[in-house]
Amino acid sequence: LQSQHKVNISWIWFSDCVALCPVQDCIICMEQLSNPSSYETPPSEEGSQSIVPQAVGKFIKCGHTLHMLCMLAMYNNGTKDGSLQCPSCKTIYGEKTGTQPKGKMEIYSVAQSLPGHPDCGTIQIIYSIPPGIQGPEHPNPGQPFTCRGFPRFCFLPDNDKGRKVLELLKVAWMRRLIFTVGTSSTTGEHDTVVWNGIHHKTEMMSNMSGHGYPDPNYLDNVLSELASQGVTEDCLKP
Ligand code: NAD
Ligand code: ZN
Ligand code: ZN
């Protein structure tokens, strides 16, 4: 199956450094950059430049170096979502987007406090996603997907840190990162909408599932889960 996305990431996140770093290694294949990549040049699409095996690049932010063909092979082996993560230091380049189906994210404020956060009220998020047909980005394109347990109700403390998490969750929602279509690890059901690695607290006053309060580490944990998807405070700067 051919990807829908054209690969033109190389010209955006890399700077040429052929002359600058010949003795450094490629962080993907571990060969010296003065030796060519052992990946083959893919057949060039019309209008796109082809990459020669000698081409090397350098990540703009972290400065790690690699063969361009090794980079392309890594990109094509991944989710091809328009973003790339440096395999050495995990810095994310580009904007990672997910495969969350269309739906609605609503935010309400609740006066009652959460266990462990007695000094503030509560932010309630309600996610609604209706069932539909899987797109080309999903495991079984053209087949239906189900939605269990929707609308899903989630809770954050209405303090500074909780509000920051909320703003980042809005970014993650817009980037389609909160849910995905796949197999539920709880129920084993295939082709259903499931959480996508950014944990939410779905119980307000109880903690029967383990996804409730109190949990003193929760806000820090979810901030690092958001960061691992490329959603950080930088995304909130104008
Ligand atoms: P899943 O079982 O594939 O698990 C994916 C991730 O979600 C895991 O990291 C897991 O730790 C986390 N997770 C599992 N149960 C959770 C819960 N109750 N609240 C918050 N996070 C949870 O994911 P899934 O299939 O999307 O959800 C797990 C189950 O929870 C499903 O059976 C779903 O129907 C149910 N659920 C129900 C409601 C509801 O309001 N009825 C709300 C949320 C989840
Ligand atoms: Zn290489
Ligand atoms: Zn790096």
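Coordinates for the structure precede this section.
Report follows, based on the coordinates. What you see is a predicted model; the values in this text were computed from it and never measured.

This part takes up the coordination of the zinc ion (ligand 2). Distances from the zinc ion (ligand 2) to its protein donors, Cys-26 (SG), Cys-29 (SG), His-67 (ND1) and Cys-70 (SG), fall at 2.1 to 2.3 Å. Relative to the metal, the 4 donor atoms surrounding the zinc ion (ligand 2) lie at angles of 102 to 116 degrees, and the coordination shape comes out tetrahedral. Each donor residue of the zinc ion (ligand 2) lies on one chain, and together they are spaced C-x2-C-x37-H-x2-C. Comparing His-67 with Cys-70 shows no difference in burial state: the two are buried.

For the rest of this paragraph, the subject is helix α2 (residues 68-77). Each α-helix winds once per 3.6 residues, and so residues spaced three or four apart point in a common direction. In terms of residue burial, α2 counts as a mostly covered element, since 7 of its 10 residues are buried. Listing the buried residues of α2 in full gives Met-68, Leu-69, Cys-70, Met-71, Leu-72, Ala-73 and Tyr-75.

Around ligand 1 sit 14 residues, and of these Arg-152, Ser-184, Ser-185, Thr-186 and Thr-202 come closest. Burial of ligand 1 by the surrounding chains reaches 71%, relative to a free accessible area of 740 Å².

Counting 33 residues, the largest nonpolar core has Ile-125, Tyr-127, Leu-156 and Leu-169 as its most contacted members. When contributions to this core are tallied by element, the ones reaching two or more residues are β7 (122-128), β10 (152-157), α3 (160-174), β11 (179-182) and α4 (218-228). At 7 residues, the largest contribution of residues to this core is made by α3. Tyr-127 has contacts with Lys-104, Met-105, Phe-150, Pro-151, Arg-152, Cys-154, Leu-169, Trp-173, Ile-178, Phe-179, Trp-195 and His-200, leaving out every residue within four places of it along the chain. Listed in part, the 17 residues of the second largest apolar core include Leu-33, Ala-55, Leu-69 and Tyr-75.

In this section: the sheet that holds strand β6 (residues 104-110). Strand order in the open sheet made by the 3 strands is β6-β7-β10, with antiparallel pairing throughout. With one partner strand each, in any of the chains shown, β6 and β10 form the two edges of the open sheet. Averaged over all neighbouring strand pairs, the angle between strand axes comes to 25 degrees, with direction disregarded. Pairing analysis gives 7 bridges linking β6 to β7, with the strands arranged antiparallel. Within β7, the residue paired with Lys-104 across the bridge is Ser-128.

This paragraph deals with the packing of aromatic side chains. Given two aromatic rings, one states the distance between the centres and the angle between the planes to describe the pair. A full pass over the atoms with the stated rule returns 7 aromatic pairs. Seen from their ring centres, Tyr-127 and Phe-179 are 5.3 Å apart, and the 85 degrees between their planes marks the pair as edge-to-face. Residue Tyr-127 is found in strand β7, and its partner Phe-179 is found in strand β11; the two are separated by 52 residues along the sequence. For the residue pair Tyr-127 and Phe-179, the accessibility class agrees, reading buried in each case. Between Tyr-213 and Tyr-218, the aromatic rings sit 6.1 Å apart at their centres with planes inclined by 85 degrees, giving edge-to-face as the arrangement.

Cut-offs used in this document
- Residues numbered from 1 in each chain as written.
- Chains lettered and ligands numbered in written order.
- Predicted model: local features only at pLDDT ≥ 70, side-chain atom pairs only at ≥ 80, totals over all residues.
- Heavy atoms only, no water.
- Donors = N, O, S within 2.8 Å, 3.2 Å for Na, K, Ca; no water.
- Tetrahedral: all angles 85-135°; square planar, octahedral: opposite > 155°, others 65-115°.
- Buried < 20%, exposed > 50% of the residue type's maximum accessible area, 1.4 Å probe, protein only.
- Helix = DSSP H or I, 4+ residues; strand = E, 2+ residues; numbered from the N terminus.
- Near = heavy atom within 4 Å.
- Areas by Shrake-Rupley, 256 points an atom, 1.4 Å probe, with all protein chains shown as cover.
- Core = buried A, V, L, I, M, F, W, Y, C linked by side-chain atoms within 4.5 Å.
- Contact = heavy atoms within 4.5 Å.
- Pairing = 2+ DSSP bridges.
- Axes fitted to C-alpha atoms, helices over the stretch in contact; angles between N-to-C directions.
- Phe/Tyr/Trp six-rings, centres within 6.5 Å; stacked < 30°, edge-to-face > 60°.

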